[in-house]
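# Structure at a glance
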Amino acid sequence: MSSGHCMTGKKIILGVTGGIAAYKAVEVASRLRKAGAEVHVIMTRAAQEFVTELTFREITGNPVNTGMWGKVAHWNVEHIALAQMADLVLVAPATANLIAKLSIGMADDMLTTTILATRAPVFLAPAMNSNMFSNPVTQKNLETLRAQGMEIIPPASGHLACGVDGVGRLPEPVDIVARVEEYFCQGQSLKGRKILVTAGGTIAPIDPVRFIGNRSSGKMGYAVAEEAARRGAEVVLVLGVSALPDLGNARTIRVETTEEMRQAVLQEFSDSDAVIKAAAVADYRVKQVAGQKIKKSDDDWSIDLVRNPDILYELGQKKEHQVLVGFAAETQNLMEYAKKKLAKKNLDFIVANDVTMPGAGFQGETNIARLVFRDGRAEEHPMMKKSELACVILDHLEGIFRERCARVE
Ligand code: PMT
């Protein structure tokens, strides 16, 4: 997996200030663009004495911002628009003057205004004469900015343009871009994977107003889907009956019945890398669903139920490259039943929860689980938040992906 993927489509504001190293910013812009980022350059007045606007325009394919009062690239409040759209602001080179201005919150040009207005991470690559860099005032200013959460890319040492040797050189463009890539790639361990997750309960309608359902809230599967998306996976969440909202960063498909869940899952299965089935699926449906509300009478009432297909069993029969993870919700004989389900449904591992234990199972924020693997290994986990259990499950999934890669190599 190339780390370049992490930068695709990322909107990066490259601030260029007036130092001799400004020419190296051209290569920084070029490398960022080659890595897939959308680069928007803001040049300070002084930077324009060292490099031309035209160079950056050609390299980035975007208009270059050279001042607050000149031509604007977009007809909204320009610095605010740039500040809002940015995924990251990088200033390379960052002069002592810019660092000083930022440390006291000055906003007297397009670059400082944009940085003050943005909520995106700000990376500064200082470059200056080594005495200016080591001056306590500069160091104090950098400390102030670091404390505010800005990332300072340390300058390199070597021969400086002013004729002395020391610390203050702009690091090589390749190293600056590597640091930015590292930022975007961190936590992206499932990038390039498609993960299909089911959550919530399915229902068996009886008539237009009544149904048979179960206690699932959807929280367990939702936590798994959320974490997978956070790790960069393409996530499809097939969500049964649940009060939870659609998941940001993922495609949510809402279903009610087992057959609807089956159709949605089968539709998404072939190109998925893994399926995690946390949904509580109705095993039976009503044989004859009434078209109208059934009127009550003085007699008792019985309903005929017929078996629903077992979706996970069906996936187990079809599976090729996909990793299959099931859940087992039990009220007794947890390990025995979980092991049977693991084998019968041809799963890679199963997450067994005893839903009678306080702090486990339906609706709450926590769960208590045992993970059982194909080779018979079992791993017992204490009570933890469903979001934490989601991390445990996905760590194991990643382990399986890694093992498979190692076997292919
Ligand atoms: O949603 P929450 O309120 O957070 O609660 C979480 C949970 C208790 C629902 C969850 O932790 C859990 O245990 N989910 C599985 C519930 C279940 O249906 O278990 P099961 O043992 O009946 O089924 C075994 C596996 O087969 C499950 O992965 C299930 O999704 C799947 N299955 C079952 C029946 C069926 N017809 N088709 C299926 O795919």
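Calculation notes
Position labels on residues start from 1 in each chain and follow its written sequence. In keeping with the model being predicted, local features are shown solely for residues with a pLDDT of at least 70 and side-chain atom pairs are shown and tallied solely at 80 or more, while totals for entire chains, interfaces and linings include all residues. Processing note: side-chain calculations cover all non-hydrogen atoms of the structure and skip hydrogens and water entirely. Nonpolar cores are built from buried Ala, Val, Leu, Ile, Met, Phe, Trp, Tyr and Cys residues. Side-chain atoms within 4.5 Å join them into one set. Accessible area is worked out with a 1.4 Å probe on protein chains only. A residue is then buried under 20% of its type maximum, exposed over 50%, and partly exposed in between. Only DSSP runs of H or I reaching four residues or more are called helices, and only runs of E reaching two or more are called strands; each is numbered from the N terminus. Here, two residues are considered to be in contact whenever any of their heavy atoms come within 4.5 Å of each other. DSSP calls a pair of strands paired once it identifies at least 2 bridges connecting them. Convention adopted: a line fitted to C-alpha atoms gives each axis, helices being fitted over their contacting stretch, and angles between N-to-C directions are expressed from 0 to 180 degrees. Should a side-chain nitrogen of Lys or Arg be within 4 Å of a carboxyl oxygen of Asp or Glu, the pair is scored as a salt bridge. Nearness is defined per residue: one heavy atom within 4 Å of the molecule or strand is enough. Under the rule applied, a polar contact is a pair of N or O atoms within 3.5 Å (in protein, one hydrogen donor and one hydrogen acceptor; residues adjacent in sequence only if both atoms are side-chain atoms). Reported accessibility uses the Shrake-Rupley method at a 1.4 Å probe radius. Residues are deemed covered only where the shown protein chains occlude them. All residues other than Ala, Val, Leu, Ile, Met, Phe, Trp, Tyr, Cys, Pro, Asp, Glu, Lys and Arg, Gly among them, are scored as polar; the first ten of these are nonpolar and the last four charged.

### Things to note about the nonpolar core
The tendency in soluble globular proteins is for nonpolar side chains to be buried as a group. Of all hydrophobic cores here, the largest spans 37 residues; its most connected members are Ile195, Ile276, Val351, Leu389 and Ile393. Listed by contribution, the elements that provide at least two residues to this core are strand 8 (194-199), helix 10 (219-230), strand 11 (234-239), strand 13 (274-277), strand 16 (323-330), strand 17 (349-354), strand 19 (370-373) and helix 14 (386-408). In terms of residue count, the dominant contributor to this core is helix 14 (eight residues). When sequence neighbours within four positions are dropped, the list of residues in contact with Ile195 reads Ala228, Ala233, Glu234, Val235, Val236, Ala274, Ile276, Leu397 and Phe401. Ranked by size, the runner-up nonpolar core spans 33 residues in total, among them Ala29, Phe56, Leu90 and Phe184.

### Let's talk about the sheet that holds strand 3 (residues 88-94)
Across the sheet, which stays open at both edges, the five strands sit in the order 2-1-3-4-5 with parallel pairing between neighbours. A strand with exactly one partner marks an edge of an open sheet, and here the two such strands are strand 2 (38-43) and strand 5 (151-152). Of the pairings in the sheet, the one linking strand 4 (residues 122-126) to strand 5 comprises two bridges and is parallel in character. Looking at the pairing, Phe123 lines up with Glu151 of strand 5. Against the sheet, helix 1 (residues 24-34) makes contact with strand 1 (11-16), strand 2 and strand 3, and its axis sits at roughly 175° relative to strand 1, the strand it touches most.

### Topic: the environment of Ile212
Among the structural elements, Ile212 can be located in strand 10 (residues 211-212). The spacing of Ile212 and Arg285 is 73 residues in sequence and 8.3 Å in space, taken between C-alpha atoms. Excluding anything up to four places from it in sequence, Ile212 contacts Thr202, Ile203, Ala204, Ile206, Val286 and Leu305.

### Quick look at unusual backbone geometry
That bond from Ala92 to Pro93 is cis: its omega, 0°, falls within 30 degrees of zero. Along the polypeptide, Pro93 turns up in strand 3. Backbone geometry at Asn346 places phi at a positive 60°, although glycine is not the residue there. Mapped onto the fold, Asn346 is located in the loop between helix 13 (334-344) and strand 17. Owing to a relative accessible area of 24%, Asn346 belongs among the partly exposed residues under this scheme.

### A look at the pattern of salt bridges
The tally for this structure, following the rule as stated, stands at 31 salt bridges. Put simply, Glu172 and Lys24 hold a salt bridge, and the shortest N to O gap is 3.8 Å. Residue Glu172 is found in the loop between strand 7 (165-169) and helix 9 (173-185), and its partner Lys24 is found in helix 1; the two are separated by 148 residues along the sequence.

### Quick notes on the site of the ligand
Around the ligand, 27 residues are found, and the nearest of them are Ser216, Ser217, Lys277, Lys341 and Asn353. One of the backbone N or O atoms of Ala329 is found 3.3 Å from an oxygen atom in the ligand. In the environment of the ligand, an oxygen atom lies 2.6 Å from a nitrogen or oxygen atom belonging to the side chain of Asn353. Contact with the protein chains removes 96% of the 770 Å² of surface that the ligand exposes when unbound. For the shell around the ligand, the secondary structure elements donating two or more residues are helix 10, helix 12 (311-318) and strand 16. Considering every element that reaches the shell around the ligand, the biggest residue donor is strand 16, with four residues. Of the residues contributing to the shell around the ligand, the split by class is 12 nonpolar, eight polar and seven charged.

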